[in-house]
Structure formats: structure tokens, C-alpha cells
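# Descriptive structure summary
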Amino acid sequence: MKKFVFTPKLGWSVSRYNLFETCKRQYYYNYYAKYHPEYPVKKILALKKMTSIPLEVGNIVHDINKTLLERLKITAKDIDKARFYDYARKTTQAYVQSKTFQEVYYSRMKSVGTERVFEKVRISLENFLNSDRLTWLTDFAVPKKDEWLIEPPGYGETRIGGMKAYCKVDFLFPVKDRLFIMDWKTGKPDPKKHRKQMVGYAAWATYHFEKDPAKISPIVAYLHPHYKENDITVNSSDIEAFARQIRKETAHMNKFCQDVQKNIPKDKALFTLKKSRLCDYCNFRALCD
């Protein structure tokens with residue numbers, strides 16, 4: 001993969017722009033804590049670091065799938081499911097005990113028990129283990145396992161239409177003359193949002209591996225409550241249109257910077273609070289209250 005020298009200049013990502021559109025104040029707290037004139041940076045960062053039950057389920061499943069795929073690179077022997085689920089439960093317990101949950105911090109729950117999180121983790125993992133996709137990976141993708149990318153390190157920095165962007169894939173692998181990209185989801189399907197994310201991954205792969213977009217197959221794998229896939233078709237026109245969209249969205253975020261090159265924000269007052277039902281699920285609710 002191509003490497004880049006660090007620059008403070010703002011870089012587009014699906015999650016960054018989604019947050020920007022959802023609430024400018026939440027966006028400010030998330031990305032510009034050190035510029036806040038009122039609250040200590042330590043307090044804002046502690047709130048930012050909080051997790052939630054749905055978010056932690058996704059984190060745990062991603063990490064265990066990473067371990068599962070790394071094992072598959074070593075051996076295709078049948079998995080001892082009793083040991084696997086015991087490992088998954090212990091991993092869940094370790095994550096739960098080491099995290100501050102938004103649901104507890106804001107008094108919606110007294111505590112978050114391991115089993116409450118593990119139940120959805122277990123179902124998600126079980127659905128993947130029993131899927132035709134895992135069998136297909138074993139049969140057709142393993143021969144080129146040395147070329148697999150499983151949650152590569154870093155933030156997935158790339159260039160899309162010359163614009164700085166971040167698109168970090170979960171799992172990329174070749175089969176014959178195609179590149180496949182898989183992304184795990186433990187939440188509800190969101191076709192528009194998820195297609196945008198996967199086109200971004202295809203653009204990332206096109207840039208780093210100089211691959212024809214038509215030879216890239218992004219796949220969204222929904223793991224809960226049942227296993228279901230959404231295959232995304234991408235071509236050169238999609239990548240070009242995506243680059244134009246990224247340019248427009250980056251320009252929109254840059255309007256809130258007093259120094260674009262250094263990514264220094266304008267006054268906090270310009271990052272207006274958008275009240276909605278989502279406020280109840282915002283990590284920074286305490287600051288707004």
C-alpha cells in the first residue's frame with residue numbers, strides 16, 4: 001500500500017462526514033476537543049472514549065472475525081466450536097469490564113453484564129461460521145491467503161480524486177483476477193449509507209493497487225439477526241462520481257476551519273447544536289445539558 005507523510009489537513013471519511021451532517025456540535029467535540037474554550041480536553045476525550053452496547057458488539061465481532069481469518073490463513077481445519085465460543089465469551093467479558101458504557105454513564109442502565117453483550121456477539125459469530133461465504137473462502141480464497149489484508153494497520157489513508165481521505169477495509173482478498181472486499185455489520189441494513197462506504201473502499205483499492213474498479217467486488221455482510229449479504233457493483237463512473245462527492249463534502253467541512261491546511265476550527269458557536277432524538281445516544285450529552 002502507498003504511504004503518506006502526515007499532515008494536519010482534514011481528511012474525509014464516511015464516519016466524519018456523517019457526524020458533520022448529524023450535529024455540528026457533536027462533530028466539534030469529537031474532532032476539535034483541544035480547541036474548546038470551556039471544558040478541559042481530558043473531560044471531552046473521556047466522553048469521546050465511551051462506548052455503547054451496539055458499538056461494542058460490533059467491535060468485539062470485528063476483532064474475533066479478524067482472529068478467525070488469521071487462523072484460516074494458518075489452517076483450514078474444523079473449528080472446535082466449544083473452544084471458539086468460550087474464547088468469544090472471555091473476550092466479551094474483558095471488553096465489557098474495561099469500558100465505560102454510555103448507557104450506564106447516563107443512568108439508562110445500572111450496569112452492563114457480559115451476557116447481555118455476548119448474546120448478540122454469539123449469534124453474529126454463529127451466523128458467519130454457518131454461512132456459505134466462510135465455506136467459499138476456505139475453498140476459493142485460501143490459495144492466495146498470503147495476499148489477504150485483514151484490518152490493515154493505520155487509518156486507511158488514501159487519495160480520492162486528489163483529496164485526502166480515510167477508508168479502512170475490514171477484509172480484502174483476491175480470487176482469480178478479482179479483488180473482494182468484505183465489511184461486517186452487526187446492526188441494521190442501511191443501503192444508501194453502506195453503499196457509499198463500500199464505493200469508498202473500492203476507490204481505496206483502485207488507488208492503492210491500481211485495479212480496474214470493475215474487477216473489485218465489495219460485499220456487505222450482515223451478521224445479525226441472520227446472515228445476509230449485499231453485493232455492490234462498482235465501475236469507473238461510480239468512482240469518478242464518488243470523487244466529486246468527496247470534493248464537495250470536504251469543501252463543506254473546510255468552511256468550518258479558520259486554517260484549512262492546519263485543520264484549525266472556527267469558533268465553537270458556529271458549530272450549532274442540532275436537537276433530535278439522537279441526543280439521547282450522544283456521548284457528549286453531558287456537555288450540552
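Structure's up top.
### Description of the packing of helix α9 (residues 191-209) against helix α10 (residues 236-254)
Where α9 meets α10, the axes come as close as 10 Å, and the angle between the chain directions of the two elements is 105 degrees. When the axis of α9 is compared with that of α10, the two are roughly perpendicular. Judged by residue contacts, Arg-195, Lys-196, Val-199, Gly-200, Ala-202 and Ala-203 of α9 engage Asp-238, Ile-239, Phe-242, Gln-245 and Glu-249 from α10. Of the residues that constitute the contact of α9 with α10, the class distribution is five nonpolar, two polar and four charged.

### Comments concerning the pairing of strand β5 (residues 178-185)
Here β5 lies mainly inside the structure; seven of its eight residues are buried. Pairing analysis gives five bridges linking strand β4 (residues 171-175) to β5, with the strands arranged antiparallel. Note on β5: the bridge partner recorded for Phe-173 is Phe-180. Between β4 and β5, which pair antiparallel in sequence order, lie two residues; one of them, Lys-176, sits at a positive phi of approximately 55 degrees. Taken together, the seven bridges between β5 and strand β6 (residues 216-222) define a ladder with parallel strand orientation. Counterpart to Trp-184 in the pairing with β6 is Ala-221. Regarding topology, α9 serves as the crossover connection from β5 to the parallel β6, and that connection is right-handed.

### A few points about the environment of Ile-219
Note that Ile-219 resides in strand β6. Given a relative accessible area of 2%, Ile-219 falls into the buried group. A sequence separation of 48 residues divides Ile-219 from Phe-171, and the C-alpha atoms of the two residues are 10.0 Å apart. In contact with Ile-219, not counting residues within four places along its chain, are Arg-133, Phe-180, Ile-181, Met-182, Asp-183, Met-198, Glu-229, Asn-230 and Asp-231.

### Comments concerning the sheet that holds β5
Spatially, β1-β4-β5-β6-β7 is the arrangement adopted by the five strands of the open sheet, whose pairing is mixed. Here the strands that pair on one side only, and so sit at the sheet edges, are β1 (149-150) and β7 (228-231). Inspection of the sheet shows β6 paired to β7 by four bridges, in the antiparallel sense. Bridge pairing links Val-220 to Asn-230 in β7. With respect to the sheet, helix α8 (residues 132-141) is in contact with β4, β5, β6 and β7, its orientation differing from that of β4 by roughly 50 degrees.

Scoring rules and cut-offs
- Residues numbered from 1 in each chain as written.
- Predicted model: local features only at pLDDT ≥ 70, side-chain atom pairs only at ≥ 80, totals over all residues.
- Heavy atoms only, no water.
- Axes fitted to C-alpha atoms, helices over the stretch in contact; angles between N-to-C directions.
- Helix = DSSP H or I, 4+ residues; strand = E, 2+ residues; numbered from the N terminus.
- Parallel < 35°, antiparallel > 145°, perpendicular 65-115°, else oblique.
- Contact = heavy atoms within 4.5 Å.
- Nonpolar A, V, L, I, M, F, W, Y, C, P; charged D, E, K, R; others polar.
- Buried < 20%, exposed > 50% of the residue type's maximum accessible area, 1.4 Å probe, protein only.
- Pairing = 2+ DSSP bridges.
- Right-handed = clockwise from strand over helix to strand, strands pointing away.

Geometric values such as these leave the question of function open.
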